[in-house]
Amino acid sequence: MNKLYLPALLTFFLSFAIQPTAMTQITITLNGNPPLCGGFATGSILASVSGGQSPYQFDWSNGQTGNPITGLPAGPYSLTVTDQDGNQAVDSIVLIAPPPLEVPITVTACSPPGAITALPSGGTPPYSLSWNTGDTTASISGLPLGQYCITAQDANNCAFIDAMELFKAEFN
């Protein structure tokens, strides 16, 4: 019995295409906590990032890197996020703080008994006042000569201290 062997040509084609993964756009959401007291650097910003390819690089307009950033005064901030592929997105935020708390004291009666009034402004009302006499009102009267100090505190617990001295003026 004769066997017939037919040469078989086997050809294998390996075919595939590399398709880049769909580049997803980087999305930034900035959440800011402004300074509670005007004139202080106690604000912070947290960035939430999605899309792109992690890890991300964070470059802030004030020179800080990383996320979150803290110790911030009021003002504008922008963030550039760069993913591992070099894709970038930019977002910005403005931190707004209340104006600084101030408590100017005015003399409302010069000669003993004297009277003085504190006029708090700025900060975040309402204000609580405390004089070194124990009084808690804006105006105090019936005062002998001497030094009077006031501590004012606003709704954010920002404090301001001022002093005034009532003295007898000598005219020659």
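No experiment lies behind these values; they were computed from the predicted model shown.

K.L.:
Hey, could you run me through the overall build of the chain in this one?
P.N.:
When helices and strands are counted, the chain shows zero helices and twelve strands. Start at the N end of the chain and walk to the C end: the helices and strands fall as β-β-β-β-β-β-β-β-β-β-β-β. Taking all 172 residues of the chain together, 27% fall into the buried category. Counting every atom, the chain has about 11,500 Å² of accessible surface; 57% of that belongs to carbon and sulfur.

K.L.:
Sorry, what's going on with the sheet that holds strand S9 (residues 128-131) here?
P.N.:
Whenever strands of a sheet pair, they do so through backbone hydrogen bonds, lying parallel or antiparallel. Here we have three strands laid out as an open sheet, ordered S9-S11-S12, and antiparallel in their pairing. Either end of the sheet is taken by a strand with one partner, and the two such strands are S9 and strand S12 (159-166). Looking at each pair of strands side by side, their axes are set apart by 20 degrees on average, direction ignored. With four bridges joining them, S9 and strand S11 (residues 146-153) adopt antiparallel strand pairing. Opposite Leu-129, over in S11, you have Ala-152 as the bridge partner.

K.L.:
Sorry, what's going on with the side chain of Thr-117 here?
P.N.:
On the secondary structure map, Thr-117 appears in strand S8 (residues 114-118). Of the residues examined, Thr-117 reaches a relative accessible area of 12% and is grouped as buried. A polar contact is formed between the side chain of Thr-117 and the side chain of Ser-139, at a distance of 2.8 Å. Beyond its immediate sequence surroundings of up to four residues, Thr-117 is in contact with Pro-104, Ile-105, Thr-106, Thr-108, Ala-138 and Ser-139.

K.L.:
Explanation requested: the sheet that holds strand S6 (residues 88-95) in the structure shown.
P.N.:
Pairing in this open sheet of three strands is antiparallel, and the strands run S3-S5-S6 from one edge to the other. The open sheet has two edge strands with one neighbour each: strand S3 (57-60) and S6. Neighbour-to-neighbour, the strand axes of this sheet turn through a mean angle of 20 degrees, independent of strand direction. Examined bridge by bridge, S3 and strand S5 (residues 75-82) share four bridges and lie antiparallel to one another. Residue Trp-60 lies in a different strand from S5, and its bridge partner there is Leu-79.

K.L.:
Before we go on, may I ask you to explain the confidence of the model for the chain in this structure?
P.N.:
Looking at the chain as a whole, its pLDDT mean stands at 88, while 85% of the residues score no less than 70. Segment residues 4-19: pLDDT under 50, and zero contacts once partners within four positions in sequence are set aside and those in other chains are kept.

Rules used in this analysis
Per chain, residues are indexed from 1 in the order of the written sequence. In keeping with the model being predicted, local features are shown solely for residues with a pLDDT of at least 70 and side-chain atom pairs are shown and tallied solely at 80 or more, while totals for entire chains, interfaces and linings include all residues. Processing note: side-chain calculations cover all non-hydrogen atoms of the structure and skip hydrogens and water entirely. The helix count covers DSSP runs of H or I at least four residues long, the strand count covers runs of E at least two residues long, and both are numbered beginning at the N terminus. Remark: exposure states derive from per-residue accessible area (1.4 Å probe, protein chains only) relative to the maximum for the residue type, with buried under 20%, exposed over 50%, and partly exposed in between. The protein chains shown are the only cover counted for residues, whose accessible areas, like all others here, come from Shrake-Rupley with a 1.4 Å probe. By the convention used here, strands pair only if DSSP detects at least 2 bridges between them. Comment: axis = line fitted to C-alpha atoms, over the contacting stretch for helices; angle = value between 0 and 180 degrees taken between N-to-C directions. Polar contacts, as counted here, are pairs of nitrogen or oxygen atoms within 3.5 Å of one another; within protein the pair requires one atom able to donate a hydrogen and one able to accept it, and residues that are adjacent in sequence qualify only if both atoms are side-chain atoms. When checking whether two residues touch, look at their non-hydrogen atoms; a contact exists if any pair is within 4.5 Å. Here pLDDT means the predictor's own confidence in every residue, given as a number from 0 to 100.

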